[in-house]
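Chain by chain, the residues:
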Amino acid sequence: MEQTLAIIKPDAVERQLVGVILSEIEMNRFAIRAIRTLRLSAEQAARFYREHLGKPFYESLLAYISSGPVFPMVLEREGAVEEWRRLMGPTDPAKAGPLTLRHRFAIDIQRNSVHGADSPATAVREIDFFFGEGA
């Protein structure tokens, strides 16, 4: 079984979509192995998104992700990284298929409701960030 990190982002929390998203996760055969709620500080957000440093959207991304509570979680199933990315849909909700979470719930490309690790190696790092020594 593979694990991945998923995050329900501030826009979805604010719009009270946590329960709906958790239900979708379980209906898609993911086991939720860990979950917590927290509000990232600016410093934590900068550490989490360090690979985006220098990109035009970096500052607005940090402001957004630290603007309210998030729900990071560890999801587990066969092919967890790929399957979670399929369920989320592309980063840009305008390009997401109708059954994806981002098509259904995202506001725009930044406030896109959910996050997922982009590879098994990233999943390990991100899980450690939220459930190990990081956050």
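Let us look at the structure shown here.

Conventions used here
Residues numbered from 1 in each chain as written. Predicted model: local features only at pLDDT ≥ 70, side-chain atom pairs only at ≥ 80, totals over all residues. Heavy atoms only, no water. Pairing = 2+ DSSP bridges. Helix = DSSP H or I, 4+ residues; strand = E, 2+ residues; numbered from the N terminus. Axes fitted to C-alpha atoms, helices over the stretch in contact; angles between N-to-C directions. Contact = heavy atoms within 4.5 Å. Salt bridge = Lys/Arg side-chain N within 4 Å of Asp/Glu carboxyl O. Buried < 20%, exposed > 50% of the residue type's maximum accessible area, 1.4 Å probe, protein only.

On to the sheet that holds strand E3 (residues 71-77). By definition, the strands of a sheet pair up through backbone hydrogen bonds, in either a parallel or an antiparallel sense. Spatially, the four strands line up as an open sheet ordered E2-E3-E1-E4, and their pairing is antiparallel. For this open sheet the edge positions go to strand E2 (31-35) and strand E4 (114-116), each flanked by a neighbour on one side alone. Adjacent strand axes in the sheet meet at a mean angle of 30° when their direction is disregarded. Set on the sheet, helix H5 (residues 80-88) makes contact with strand E1 (2-8), E3 and E4; between it and E1 the angle comes to about 30°.

Once that is clear, we can look at the pattern of salt bridges. The tally for this structure, following the rule as stated, stands at seven salt bridges. Measuring nitrogen to oxygen at the nearest pair gives 2.6 Å for the salt bridge that ties Arg15 to Asp11. The class for Arg15 is partly exposed, based on a relative accessible area of 34%. Between Arg33 and Glu76 there is a salt bridge whose closest N-O contact spans 2.9 Å. On the criterion of sequence distance, the pair formed by Arg33 in strand E2 and Glu76 in strand E3 is long-range, its members being 43 residues apart.

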